[in-house]
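Results of the structural survey
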Amino acid sequence: FSLDGVADRDASGNLAGWGRLAGRDQAFYCDLGLALRIDGLARALPFNLPQAARARFIVGAGFHLETPWRPAQAMPFGPEVYDDPAWRRGLPAANPDHRRFWAPAYYGGSEMGLLVPVAAPVYQGERLAGVLAIDTSVDYLQRINRGFDYPVGAVALVDGFGQVLAHPDLAAGALAARAPGPFSQAVPASVAADLGALARLPAGQPLVVGGHVVMRR
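The sections below set out a description of the structure shown in this document. Counting restarts for each chain: residues are numbered from 1 in the order of the written sequence. Since the coordinates come from a predicted model, pLDDT governs what is reported: local features require at least 70, and pairs of side-chain atoms require 80 or more to be given and counted, while whole-chain, interface and lining totals use all residues. In computing side-chain values, all of the structure's heavy atoms are included and hydrogens and water are not.

Things to note about the pairing of strand S6 (residues 114–124)
- The element S6 is largely enclosed, with a buried count of eight among its eleven residues.
- Pairs of strands are assigned from DSSP output, requiring at least two bridges between the strands. Starting at the N terminus, helices and strands are each numbered in turn, a helix being any DSSP run of H or I of at least four residues and a strand any DSSP run of E of at least two. Where strand S4 (residues 101–102) lies against S6, two bridges are found, and the strand directions are antiparallel. Residue Phe101 lies in a different strand from S6, and its bridge partner there is Ala119.
- By the bridge criterion, two bridges tie strand S5 (residues 106–107) to S6 in an arrangement that is antiparallel. The buried label goes to any residue with under 20% of its type's maximum accessible area, the exposed label to any with over 50%, and the partly exposed label to all in between, with areas taken from a 1.4 Å probe on protein chains only.

So this is what it looks like as structure tokens:
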């Protein structure tokens, strides 16, 4: 099933899922209604979060929602959807406190380039209904990073997975890149030799590491 036949594609996302809509259990219809409500709220994304390229709602009942609309053929639903790190990191075993979290950056196609998801599990009472992810354009982060111009150094944005999301040189082609560069390539070799020391740096305090002044924020 899908929303390929929706009348106004600019005012809707698309759903794609397994099986038929008829004859499902009550939990399925609760989750379907929740997805449609999320779709209505997601229409405001371009106005409130212009840096967001896409919103996705992965539902445990066997379907997912994406907005803005694109044909179901371009967003097929299959078992691989549940291999998505955003889904796996939102499961109760990985996220018992139901917190928001970041997932690894991924390639969203030639028009969107690299995308980095921020996600959160969505519960119906005590039951996990799905995981909502908003995918931010790494190209947007790179353009913001260009505003920090330091003549004696460089500013890099690195996620918790060691992926460089913004850097004057390493992330310069965010729309063309298929994967983010590793943090070890964003710093001098003498600094990269002890990446553990960087993780232990106190925030906001400049210190010398490998002969270079480094500050973690």
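Description of helix H1 (residues 26–42)
- Given the number of residues in a helix, its expected span is that number minus one, multiplied by 1.5 Å. Taking 1.5 Å per residue as the helical rise, H1 with its 17 residues ought to reach 24 Å, and the 24 Å between its terminal C-alpha atoms agrees with that figure.
- Within H1 the residues assigned to the buried category are Phe28, Asp31, Leu32, Leu34, Ala35, Ile38, Asp39 and Ala42. Across the axial projection of H1, the buried residues extend over an arc of 160 degrees, all falling on one side. Every exposed residue of H1 that faces more than 90 degrees away from the buried side is listed here: Gln26, Arg37 and Leu41.
- Residue contacts follow a heavy-atom distance rule, with two residues in contact if any of their heavy atoms lie within 4.5 Å. Buried positions along H1 lie against strand S1 (14–17), helix H2 (45–48), strand S2 (52–59), strand S3 (63–67), S6 and strand S7 (127–137). The directions from the helix axis to the C-beta atoms are what the arc is built from.

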